[in-house]
Amino acid sequence: MSDNVHYSDLGLVNSRDMFDKAVDGGYAIPAYNFNNLEQLQAIVTACAATSSPVIIQVSKGAREYANETMLRFMAMGAVKMAREMGSDIPVCLHLDHGDTFEVCKSCVDAGFSSVMIDGSHHSFDENVEVTRKVVEYAHKYDVTVEGELGVLAGIEDEVEAEASTYTKPEEVEEFVERTGVDSLAISIGTSHGAYKFKLGPGEEVPPLRFDILEEIEKRIPRFPIVLHGASSVVQSYVELINQYGGKMDGAVGVPEEQLRKAAKSAVCKINIDSDGRLAVTAKVREFLANNPAEFDPRKYLGAARKELIELIKHKNEAVLGSAGKA
Ligand code: G3H
Ligand code: 13P
Ligand code: ZN
């Protein structure tokens, strides 16, 4: 991309200061994925209303869907919108699951303030190599970098993993030291998407592997840890979706109490995408079923956006503890 821009010119901040405060304060910064206008409006509105710092993040799929230049201007608009609402919440624009050095570089050049290089599917040494290369480039522009060790089950953009591989605590010190990353995503039992656990009749969601998290914290005290796949798969949305013609039987996520516990630890970034998707889908289905003659997208997307605002406020206030921390 020829017209490079630095994130500070867009009013954005990197994640360093946010994470320092979150680790000390025992809460987590919300990282909400967005792909379109209504999702971003909802994120900004809810985070400004709850005075929460926020990471707005885009996947490779989102970049393809919305266009990288469009996303840059949307992020700039998001900051302006928050300021016009009288809020000075810090906003970080993050690349979610970058899979190559080139994608990460392109985002740094386009004004992102933080990037993830997900080398978790490579061997340890290859992961170190690509992550270090991204860090070397990104740090020249004071862009923060998230790496990943361990594999989450489910779909990570176009990479699908059948089973998860928990992060090996004995690898984290070497990884952090050799790469220079600013934060580390780990695998402790979460997974992406709306079907995180296969439960038999009467079975409950198994607890996350807090023992692994504790071991990691012992080895790299206060180092910012990131939890992906952290949607709770809100059951009222699943029920609405099924009620209005959807088919999402068996959709289940991480219970809120477990996320609250994680947020109080060194976990200082919690990624949420699926819950937002469910809220939008539930409300669009409900609206269209109840208003069959309506064909103005502002009506059904407006209903979805309203619900998304409430969901995000709830997450910030009752789950992550980020409300009032801006
Ligand atoms: O980690 C995956 C995120 O939910 C993004 O999903 O690649 O379908 O945009 P996506
Ligand atoms: P969920 O699918 O649980 O929302 O996870 C989102 C995520 O980890 C984005 O990187
Ligand atoms: Zn993820």
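These numbers were taken from a predicted model, which means no experiment stands behind them. (Residues numbered from 1 in each chain as written. Chains lettered and ligands numbered in written order. Predicted model: local features only at pLDDT ≥ 70, side-chain atom pairs only at ≥ 80, totals over all residues. Heavy atoms only, no water.)

Colleague: For this particular structure, what's the right way to read the site of ligand 2?
Modeller: Taken together, 16 residues lie near ligand 2, and Asp96, Lys196, Ser231, Asp273 and Ser274 sit nearest. His192 places a side-chain nitrogen or oxygen 3.0 Å from an oxygen atom of ligand 2. Within the side chain of His228, a nitrogen or oxygen atom sits 3.1 Å from an oxygen atom of ligand 2. Notes on ligand 2: free accessible area 310 Å², of which the protein chains cover 97%. Listing elements by their share of the shell around ligand 2, those giving two or more residues are β3 (91-98) and β10 (267-272). Of the residues contributing to the shell around ligand 2, the split by class is two nonpolar, 11 polar and three charged. (Near = heavy atom within 4 Å. Polar contact = N/O pair within 3.5 Å; in protein donor to acceptor, adjacent residues only side chain to side chain. Areas by Shrake-Rupley, 256 points an atom, 1.4 Å probe, with all protein chains shown as cover. Helix = DSSP H or I, 4+ residues; strand = E, 2+ residues; numbered from the N terminus. Nonpolar A, V, L, I, M, F, W, Y, C, P; charged D, E, K, R; others polar.)

Colleague: Please explain the coordination of the zinc ion (ligand 3) as it appears in this structure.
Modeller: Angles between donor atoms at a metal ideally measure 109.5 degrees for a four-coordinate tetrahedral arrangement and either 90 or 180 degrees for a six-coordinate octahedral one. Distances from the zinc ion (ligand 3) to its protein donors, namely His97 (NE2), His192 (NE2) and His228 (ND1), fall within the range 2.0 to 2.1 Å. Ordering the donors of the zinc ion (ligand 3) by residue number gives the pattern H-x94-H-x35-H. On the criterion of sequence distance, the pair formed by His97 in strand β3 and His228 in the loop between β9 (225-227) and α9 (235-243) is long-range, its members being 131 residues apart. The pair formed by His97 and His228 is uniform in burial state, with each residue classed as buried. (Donors = N, O, S within 2.8 Å, 3.2 Å for Na, K, Ca; no water. Buried < 20%, exposed > 50% of the residue type's maximum accessible area, 1.4 Å probe, protein only.)

Colleague: What should I look at first to understand the packing of aromatic side chains in this one?
Modeller: Geometrically, a pair of aromatic rings is defined through the distance of the ring centres and the angle of the planes. The full count for this structure, using the stated rule, is three aromatic pairs. Arranged with centres 5.9 Å apart and planes meeting at 80 degrees, the rings of Phe101 and Tyr137 form a pair that is edge-to-face. Residue Phe101 is located in helix α5 (residues 101-109), and its partner Tyr137 is located in helix α6 (residues 124-140); the two are separated by 36 residues in the primary sequence. Assigned by exposure class, Phe101 and Tyr137 land together as buried. (Phe/Tyr/Trp six-rings, centres within 6.5 Å; stacked < 30°, edge-to-face > 60°.)

Colleague: Can you help me understand the sheet that holds β10 in this one?
Modeller: Two pairing modes exist for strands in a sheet, parallel and antiparallel, and in both the strands are linked by backbone hydrogen bonds. Reading around the circumference, β1-β2-β3-β4-β5-β8-β9-β10 is the order of the eight strands in this closed barrel, with parallel pairing throughout. In this sheet, neighbouring strand axes are inclined to one another by 25 degrees on average, regardless of whether the strands run parallel or antiparallel. Sheet topology note: the β3/strand β4 (residues 114-117) ladder contains three bridges and is parallel. Along β4, the bridge assignment pairs His94 with Ser114. Docked against the sheet, α6 engages β4 and β5 (144-149), running at close to 175 degrees with respect to β5. (Pairing = 2+ DSSP bridges. Axes fitted to C-alpha atoms, helices over the stretch in contact; angles between N-to-C directions. Contact = heavy atoms within 4.5 Å.)

Colleague: Looking at this structure, how should I read the side chain of Ser191?
Modeller: Within the secondary structure, Ser191 is located in the loop between β8 (183-186) and α8 (210-219). The residues touching Ser191, leaving out its near neighbours within four places in the chain, are Leu152, Ala153, Lys196 and Gly229.

Colleague: Any chance you could explain the pattern of salt bridges here in plain terms?
Modeller: Oppositely charged side chains are able to pair whenever their charged atoms sit close together. Taken as a whole and judged by the stated rule, the model has 20 salt bridges. Residue Asp142 pairs with Arg16 through a salt bridge whose shortest N-O separation is 2.9 Å. Of this pair, Asp142 sits in the loop between α6 and β5 while Arg16 sits in helix α1 (residues 16-25), placing them 126 residues apart in sequence. Classification of Asp142 as partly exposed rests on a relative accessible area of 36%. For the salt bridge of Lys105 with Asp109, the shortest nitrogen-to-oxygen distance reads 2.8 Å. With a gap of four residues between them, Lys105 and Asp109 both fall in helix α5, about one helical turn apart. The buried category is assigned to Asp109, whose relative accessible area is 8%. (Salt bridge = Lys/Arg side-chain N within 4 Å of Asp/Glu carboxyl O.)

Colleague: In this structure, what is going on with the confidence of the model for the protein? I would like to understand it.
Modeller: Do not read the predicted coordinates in detail wherever pLDDT is low. Averaged over all residues, the pLDDT of the protein is 95; the fraction at 70 or higher stands at 96%. Within the model, the stretch residues 155-159 combines pLDDT values under 50 with 17 contacts to residues more than four positions away or in other chains. (pLDDT = per-residue confidence, 0-100.)

Colleague: I keep staring at the pairing of β4 and nothing clicks. Help me out?
Modeller: Each regular strand displays side chains that alternate between the two surfaces of the sheet. Every second residue of β4 is oriented toward a common face, with Ser114 and Met116 on one face and Val115 and Ile117 on the other, all of them buried. Once the chain exits β3 it traverses α5 before rejoining the sheet at β4, and the crossover so formed is right-handed. One ladder, built from three bridges, connects β4 with β5; its direction is parallel. Each residue of the ladder has a partner; that of Ser114, found in β5, is Thr144. Between the parallel elements β4 and β5, the chain passes through α6 in a crossover that is right-handed. (Right-handed = clockwise from strand over helix to strand, strands pointing away.)

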